[in-house]
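# Breakdown of the fold
Chain residues, written in single-letter form:
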Protein chains: 2
Amino acid sequence: MELSFDENDFLSCCGSTQFAKLMASFSPFSSHHHAVSIARDIWFNNVHVNAWLQAFSAHPSIGQTRSPSHASQTSAQWSKGEQSTALATATGSSLQELAEWNARYMQKFGFVFLICASGRSTDEILAELKRRYTNRPIVEFEIAAEEQMKITELRLAKLFSSRENISSTTDK
Amino acid sequence: MELSFDENDFLSCCGSTQFAKLMASFSPFSSHHHAVSIARDIWFNNVHVNAWLQAFSAHPSIGQTRSPSHASQTSAQWSKGEQSTALATATGSSLQELAEWNARYMQKFGFVFLICASGRSTDEILAELKRRYTNRPIVEFEIAAEEQMKITELRLAKLFSSRENISSTTDK
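Residues numbered from 1 in each chain as written. Chains lettered and ligands numbered in written order. Predicted model: local features only at pLDDT ≥ 70, side-chain atom pairs only at ≥ 80, totals over all residues. Heavy atoms only, no water.

### So, the overall build of chain A
Selection criterion: Labels follow the DSSP assignment, with helices taken as runs of H or I lasting at least four residues and strands as runs of E lasting at least two, numbered in each case from the N terminus. Here the globule rule is a power law, 2.2 Å times the number of residues to the power 0.38, and the radius of gyration is based on C-alpha atoms. Burial here depends on accessible area, computed with a 1.4 Å probe over protein chains only, as a share of the maximum for the residue type. Under 20% is buried, over 50% is exposed, and the range in between is partly exposed. Contact definition: two residues touch when any of their heavy atoms are within 4.5 Å. We score Asp and Glu as negative and Lys and Arg as positive, and we do not count His or the chain ends. For this purpose, a charge sits on NZ of Lys, CZ of Arg, CG of Asp or CD of Glu.
Across its full length, chain A holds nine helices and zero strands. If you list the helices and strands of chain A from N to C, you get α-α-α-α-α-α-α-α-α. Taken against the 2.2 N^0.38 rule, which gives 16 Å for 172 residues, the C-alpha radius of gyration of chain A at 17 Å falls within 12% of a compact globule. Considering only C-alpha atoms, chain A reaches an extent of 50 × 35 × 25 Å along its principal axes. Counting over 172 residues, chain A shows a buried share of 46%. Put simply, of all contacts in chain A between residues at least 6 apart along the chain, 70% involve residues at least 24 apart. Taking the average place of the 16 positive charges on the side chains of chain A and the average place of its 18 negative ones, the gap between the two points comes to 5 Å.

Here it is, written out as structure tokens:
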């Protein structure tokens, strides 16, 4: 069975309007696997570098549960879920250190530190932030885009499974 | 003898305000070589990727002599000089083809096609544009930044030689 999605569905997975528009133009999709394959091609080969920056700006700083106001409600909710391990393992001092390094990162690179946080502790995330901070901006830009794609893939899976659940309930 | 320059001088060499501010913070310079070495480090290791986009946006499309309105007067004038070989070797049809490929490039990448044009014919530039058009956006972004640095180096040389000429005239 093919599943149809619109631009807003894809904006919840990745905050770039160019990406979401292009994804919607390929709807419907035969499977999650099919959508991921199209999404990867669009993300790495077809959108502008500005689209990457727009997508990054839809994420909250890691360790913060408050998403930017322009992020969609679904995106904000998923972001909280993705950070659940980090938040469960956080202490006051590690959150403070994370906030300081986030600010330092933002100052150096001009965009938020992006990491696919699912299942990762605050200590792991902080170590990764410090390691990546030493990168050249262009290198870090590409790493952030790869992390964004990992997040997008997880969210596409959620999008498909929620739609499949609705379909199977409706079919009964 | 050390030579001093301000932010506006550097904005004529490269249209990124972050780059120009950082360069000005290192003024005075002992030589052109000294300035180039600092400029390369700032450009490739310290400015945001957004600063690259800002610098690109200060250039006219290649084959056009009209610079964007936010480019400095000196930058617009130097840009014309840098394109003198291209313009001297251009025919109506090659300029037309260049304009079409420029538009196609802009649509794919979201920024102007950037090439250090000094001494290059329109045909050479067009061949390079077509070759680079096939690149992934992130690859092309880095190549454009390298071309911007070549242009910046040529302009820094002009900046230093004009200032040295003034100094030597004043000294007489």
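### Considering the nonpolar core
Threshold: In plain words, nonpolar cores are sets of buried Ala, Val, Leu, Ile, Met, Phe, Trp, Tyr and Cys residues tied together by side-chain atoms within 4.5 Å.
Membership of the largest hydrophobic core comes to 98 residues, with the highest contact counts inside it found for Trp-43, Phe-56 and Phe-141 of chain A together with Trp-43, Phe-56 and Phe-141 of chain B. Apart from residues lying up to four places away in sequence, Phe-56 of chain A is in contact with Trp-43, Phe-111, Val-112, Leu-114, Phe-141, Ala-144, Ala-145 and Gln-148 of chain A.

### Examining the interface of chain A and chain B
Note the cut-off: Once two parts are joined, some of their accessible surface, as seen by a 1.4 Å probe, is lost; buried area is that loss totalled over both. The term salt bridge refers to a pairing of a side-chain nitrogen on Lys or Arg with a carboxyl oxygen on Asp or Glu at a separation within 4 Å. Two N or O atoms count as a polar contact when they lie within 3.5 Å, although within protein this holds only if one can serve as hydrogen donor and the other as acceptor, and sequence-adjacent residues are included solely when both atoms are side-chain atoms.
At the interface, 20 residues of chain A touch 20 residues of chain B. Approximately 1,600 Å² of surface area, both sides summed, lies buried where chain A meets chain B, with 60% of it carried by carbon and sulfur atoms. Taken together, the links from chain A to chain B amount to two salt bridges. Between Arg-136 of chain A and Glu-142 of chain B there is a salt bridge, with the nearest N and O atoms lying 3.1 Å from each other. Across the contact surface, chain A and chain B share six residue pairs in polar contact (both at pLDDT 80 or more).

### Description of the packing of helix H2 (residues 17-26) of chain B against helix H3 (residues 32-46) of chain B
Residue and element names in this part refer to chain B. Using the following cut-off: Note on method: axes are straight lines fitted to C-alpha atoms, helices fitted across the in-contact stretch only, with angles between N-to-C directions ranging 0 to 180 degrees. For classification purposes, angles smaller than 35 degrees are called roughly parallel, those larger than 145 roughly antiparallel, those between 65 and 115 roughly perpendicular, and all remaining angles oblique. If you view the pair so one helix is near and one far, a crossing is left-handed when the near helix is turned anticlockwise from the far one by less than a right angle, and right-handed when it is turned clockwise.
Running from N to C, H2 and H3 point in directions that differ by 140 degrees, and their axes come no closer than 10 Å. In this view, H2 runs oblique relative to H3, as classed from their interaxial angle. Like other packed secondary-structure pairs, H2 and H3 cross with a definite hand, here right-handed. On the side of H2, the interface is formed by Gln-18, Phe-19, Leu-22, Met-23 and Phe-26, while H3 contributes Ala-35, Ile-38, Ala-39, Ile-42, Trp-43 and Asn-46.

### Topic: the relation of the copies chain A and chain B
Heads up, the condition is: Least-squares superposition aligns the copies on the C-alpha atoms of those residues with pLDDT at or above 70 in both.
Each copy superposes on the other: chain A lies on chain B with an RMSD of 0.0 Å after a rotation of 180 degrees and an axial shift of 0.0 Å. In short, the pair behaves as if placed about a two-fold rotation axis. A high fraction, 100%, of the interface residues of chain A reappear at the interface in chain B, so the copies pair face to face through one surface.

### Observations concerning the side chain of Asp-9 of chain B
Its location among the elements puts Asp-9 of chain B in helix H1 (residues 7-13). Here Asp-6 of chain B takes part through its backbone nitrogen, which lies 2.9 Å from a polar atom of the side chain of Asp-9 of chain B.

### What to know about unusual backbone geometry
In this chain, Ser-27 of chain A is followed by Pro-28 of chain A through a cis amide linkage whose omega measures 5 degrees. Note on placement: Pro-28 of chain A falls in the loop between helix H2 (17-26) and helix H3 (32-46).

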